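Spelled out from the first residue to the last, the chains are:
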Amino acid sequence: MKKILITGGAGFIGSHVVRRFVNHYPDYTIVNLDKLTYAGNLANLTDVENKPNYRFVKVDITDSIALNDLFYAENFDAVIHLAAESHVDRSISDPTAFVMTNVIGTVNLLNAAKDNWKGQYDQKRFYHISTDEVYGALGKEGMFVESTAYDPHSPYSASKASSDHFVRAYHDTYGLDCVISNCSNNYGSHHFPEKLIPLAINNIKNNKPVPVYGKGENVRDWLWVEDHARAIDVIFHKAETGETYNIGGHNEWKNIDLIHLLCSIMDKKLGRQEGESAKLITFVTDRAGHDLRYAIDSTKLQEKLGWIPSLQFEEGLEKTVDWYLENEEWLSNVTSGNYQSYYEKQYHTK
Ligand code: NAD
Ligand code: DAU
């Protein structure tokens, strides 16, 4: 019996983690905390929302009083912390929002755990979900390992790096049981269509230009989101306190090659002539400070905890395309903003 607080559970990765924990651990109570920003969508969780071991609470992690009250009332056994502002381009136009949620919000959560779990740190766990972007950018060679020095470049990655440092500081200073994982780019269902893959699927479907930054030479290491959720499950249950694990798919793709593969899958699915969708590719101004290449070495996770990715990229990408084509209502809701007006009515907030 465990009561686990999962933050950011209405977002892309968080909803997969909530679904996995609710379904795999019927003895656990899963409390999903989310502010429901533009990226949080309870429609991601309709299949588990009525399960007896699941609850949702609408809380903003920048609200330290609300967090403290919640920890006091609930006596959680553990936190799996995913809530964050997650989009690099938004961090370039509004860095402060990233400091507030990713840095201050994480420190608020750490404080709530530190103050409410006093005398019981050995029975509690604070698991922080982070990103490979904290390590900066690679050249053509090499991979990020857990000991790679932090060198973030975007306001997003700087805020995530800062939150990682705070988590380690609370482990080293106060003895809180903390674990961190740093993962590469995820893809799969329920991904908000501002990120490359769902944005491209949506645009190809609607015959709109597919924007490729710069020359499309940047490389990302893509992992199936359900493999990430499974890694989080393994790390949560098996990692030693204070440890960090890198999670990645050993699956590097240049953006332009990925987009061509996606266009060819979409041609087949939409009954278009081969090459038709690729005509939509449009090279646009590069992202400022655009990291050239990410690649994760997840040997430690594979050897120590026995996790390996389950899905080949081509298969995963096709499944992802199928999901978006079969879930038109989800896509049109999130692109029209209907779901945000629903929340405003439901929760009387903006
Ligand atoms: P997302 O943007 O899809 O979801 C973030 C969730 O956090 C949303 O539900 C949002 O409503 C919630 N949230 C935002 N601000 C909040 C606040 N102040 N209080 C409470 N809730 C708030 O993000 P994602 O892609 O699912 O990423 C989840 C986590 O995983 C993040 O910490 C991110 O840094 C990390 N990560 C993401 C990737 C990736 O490829 N997407 C890879 C590695 C790590
Ligand atoms: O590496 C993990 C990170 O992956 C996570 O921590 C972030 O939360 C997540 O958003 C993601 O960051 P990226 O910046 O790599 O993802 P994004 O989908 O925004 O972009 C992927 C690549 O595609 C990147 O090189 C920028 C490029 N791109 C992106 C968009 C949105 C384009 O060329 N065109 C676009 O329209």
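The shown structure was predicted, so the numbers you read here are calculated from the model rather than taken from an experiment.

## Points about the nonpolar core
The nonpolar side chains of a soluble globular protein tend to be buried, and buried together.
Move 1: Counting residues in each nonpolar core, the largest one holds 70 residues, and the members touching the most others are I4, I6, F21, I80, I235, I259 and F313.
Move 2: The dominant element in this core, judged by the number of residues it contributes, is helix α8 (residues 255–270), at eight residues.
Move 3: For I6, the contacting residues outside a window of four places in its chain are V17, V18, F21, I30, V31, N32, L33, I80 and L82.
Move 4: Membership of the second largest hydrophobic core comes to 25 residues, among which are V57, A83, A113 and L176.

## Thoughts on the site of ligand 2
Move 1: Among the 23 residues in the neighbourhood of ligand 2, the closest are listed as T131, D132, Y156, R287 and H290.
Move 2: One of the side-chain N or O atoms of D132 is found 2.5 Å from an oxygen atom in ligand 2.
Move 3: At 2.8 Å from an oxygen atom of ligand 2 is found a side-chain nitrogen or oxygen belonging to R220.
Move 4: Listed by contribution, the elements that provide at least two residues to the shell around ligand 2 are α6 (196–205) and β8 (210–213).
Move 5: Of all the elements, β8 adds the most residues to the shell around ligand 2, at three residues.
Move 6: In terms of residue class, the shell around ligand 2 is made up of nine nonpolar, eight polar and six charged.

## Quick notes on empty space enclosed by the protein
Left-over empty space is what a probe sized like a water molecule reveals as it rolls over the atoms.
Move 1: The final tally for this structure, using the stated rule, is one cavity of 30 Å³ or more.
Move 2: Here the largest cavity is characterised by a volume of approximately 50 Å³.
Move 3: As for the largest cavity, its lining consists of V88, E133, S154, R220, R287, A288, G289, H290, D291 and Y294.
Move 4: Classifying every residue of the lining of the largest cavity by side-chain character gives three nonpolar, three polar and four charged.

## Looking at α6
The periodicity of an α-helix, 3.6 residues per turn, causes residues three or four positions apart to be oriented the same way.
Move 1: Of all 10 residues in α6, seven are buried; the element is thus mostly enclosed.
Move 2: All buried positions along α6 are accounted for by I197, P198, A200, I201, N202, N203 and I204.
Move 3: Looking one or two residues beyond α6, the residue adopting positive phi is N207, at roughly 55°.

## A word on the state of the cysteines
Move 1: Scanning the model with the defined rule gives zero disulfides in all.
Move 2: The structure places no disulfide on C178, whose sulfur is separated from the nearest cysteine sulfur, that of C183, by 19 Å.

## Focus on unusual backbone geometry
Move 1: Even without being glycine, N75 reaches a positive phi, approximately 50°.
Move 2: By the element assignment, N75 lies in the loop between α2 (64–74) and β4 (78–81).
Move 3: Of note, N207 is a non-glycine position whose phi angle comes to about 55°, a positive value.
Move 4: The topology assignment puts N207 in the loop between α6 and β8.

## Structural notes on the pattern of salt bridges
Move 1: Considering all chains together, one arrives at 17 salt bridges under this definition.
Move 2: Notably, a salt bridge pairs K269 with D322, separated by 3.0 Å at the nearest N-O pair. Pair noted here: K269 is in helix α8 and D322 is in helix α10 (residues 313–326), with a separation of 53 residues, a long-range link.
Move 3: Under the relative-accessibility criterion, K269 is labelled partly exposed at 32%.
Move 4: With relative accessibility at 24%, the residue D322 sits in the partly exposed group.

## Some details on a nonpolar patch on the surface
Move 1: On the surface, a nonpolar cluster with roughly 230 Å² of combined accessible area is contributed by V99, M100 and I104.
Move 2: Assignment of secondary structure puts V99 in helix α4 (residues 95–116).

## Considerations on the site of ligand 1
Move 1: Contacts to ligand 1 come from 28 residues, most closely from I13, D34, S86, Y156 and K160.
Move 2: In the environment of ligand 1, an oxygen atom lies 2.8 Å from a nitrogen or oxygen atom belonging to the backbone of I13.
Move 3: At 2.6 Å, a side-chain N or O of Y156 approaches an oxygen atom of ligand 1.
Move 4: Coverage of ligand 1 by the protein amounts to 97% of the 840 Å² it exposes when considered alone.
Move 5: Where the shell around ligand 1 is concerned, the elements lending two or more residues are α1 (12–24), β5 (125–131) and α5 (155–174).
Move 6: Of the residues forming the shell around ligand 1, the biggest block, three residues, is contributed by β5.
Move 7: Residue composition of the shell around ligand 1, by class: 13 nonpolar, 11 polar and four charged.

Reading guide: rules and limits
- Residues numbered from 1 in each chain as written.
- Chains lettered and ligands numbered in written order.
- Predicted model: local features only at pLDDT ≥ 70, side-chain atom pairs only at ≥ 80, totals over all residues.
- Heavy atoms only, no water.
- Core = buried A, V, L, I, M, F, W, Y, C linked by side-chain atoms within 4.5 Å.
- Buried < 20%, exposed > 50% of the residue type's maximum accessible area, 1.4 Å probe, protein only.
- Helix = DSSP H or I, 4+ residues; strand = E, 2+ residues; numbered from the N terminus.
- Contact = heavy atoms within 4.5 Å.
- Near = heavy atom within 4 Å.
- Polar contact = N/O pair within 3.5 Å; in protein donor to acceptor, adjacent residues only side chain to side chain.
- Nonpolar A, V, L, I, M, F, W, Y, C, P; charged D, E, K, R; others polar.
- 1 Å grid on protein atoms, 1.4 Å probe; cavity = no way out; pocket = protein on both sides within 12 Å on 5 of 7 lines; lining within 4 Å.
- Points joined across faces, edges and corners; volume = space filled by probe spheres on them.
- Disulfide = S-S within 2.5 Å.
- Salt bridge = Lys/Arg side-chain N within 4 Å of Asp/Glu carboxyl O.
- Patch = residues over 30% accessible without salt bridge, like charges linked within 9 Å, V, L, I, M, F, W, Y side chains within 5 Å.
- Areas by Shrake-Rupley, 256 points an atom, 1.4 Å probe, with all protein chains shown as cover.

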